Amino acid sequence: MFYGLIVSMYFMDNKEHKRPHIHVSYQGKEAVFSIPEGEVLSGSLPRKQTRLAQAWIEIHADELVANWDLAIAGQPLYKIEPLK
C-alpha cells in the first residue's frame, strides 16, 4: 500500500487476463495493470493514481515478474517496497 493505493496479486490468477498482472484499488475503484508494461487491462482509477501505479510498476518490474511466477506456482510472495 502506498499513497492510498492497495496493490494485490492473487495466487493462480492467470485464467481471465492470461498475462502477468496486478490489481490496484483506490477509494472503491479497481484497475488491473499488466506487468511489466503497466498497461491498464480492465477497470480504471483516477489519472494521478494510474500514473503512480504505472511508475511503481516500472521501478519494480523485475520483482513483480518474479512474484508473478511465484503466485502462479502457489508459492509465497516477496514484499516489494512502496513508492516513496
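All residue numbers refer to positions counted from 1 along the written sequence of the respective chain. Under the rules for a predicted model, residues below a pLDDT of 70 receive no local features and side-chain atom pairs below 80 are neither given nor counted, while totals for whole chains, interfaces and linings still include all residues. Only heavy atoms go into the side-chain values, all of them from the structure, while hydrogens and water stay out.

## Section: the pattern of salt bridges
Put simply, the rule is: Any carboxyl oxygen of Asp or Glu within 4 Å of a side-chain nitrogen of Lys or Arg constitutes a salt bridge here.
Considering all chains together, one arrives at three salt bridges under this definition. What emerges from the salt-bridge pattern is a single network uniting Arg 19, Glu 37 and Glu 39.

## Notes on the nonpolar core
How we decide: In these notes, a set of buried Ala, Val, Leu, Ile, Met, Phe, Trp, Tyr and Cys residues joined through side-chain atoms within 4.5 Å is what counts as a nonpolar core. Here the term buried applies to any residue with accessible area under 20% of the maximum for its type, exposed to any over 50%, and partly exposed to those in between, with areas from a 1.4 Å probe on protein chains only. Each helix is a run of DSSP H or I of at least 4 residues and each strand a run of E of at least 2, with the numbering of both proceeding from the N terminus. For this analysis, residues touch if any pair of their heavy atoms sits within 4.5 Å.
Counting 19 residues, the largest nonpolar core has Leu 5, Ile 22, Phe 33, Trp 56 and Leu 64 as the members making the most contacts within it. Going through the elements one at a time, β2 (21-26), β3 (29-34), α1 (47-59) and α2 (61-72) are the ones with two or more residues in this core. For this core, the element with the highest residue contribution is α1, accounting for four residues. Each residue touching Ile 22, except ones within four places of it in the same chain, is listed here: Val 7, Ser 8, Met 9, Ala 31, Val 32, Phe 33, Ile 35, Trp 56, Ile 57 and Leu 64.

## As for the sheet that holds β2
We count it as follows: Pairing between strands is defined by DSSP: at least two bridges between the two strands are required. Under this scheme, a helix contributes an axis fitted over its contacting stretch, all axes are lines through C-alpha atoms, and angles between N-to-C directions fall in the 0 to 180 degree range.
Strands sit in the order β1-β2-β3-β4 across an open sheet of four strands; the sheet is antiparallel. What marks the edges here is a single partner per strand, and that holds for β1 (6-8) and β4 (40-43). Pairs of neighbouring strands in the sheet enclose a mean axial angle of 25 degrees, with direction left out of account. As defined by bridge partners, β1 adjoins β2 across three bridges and the pair is classed as antiparallel. Paired with Val 7 across the bridge in β2 is Val 24.

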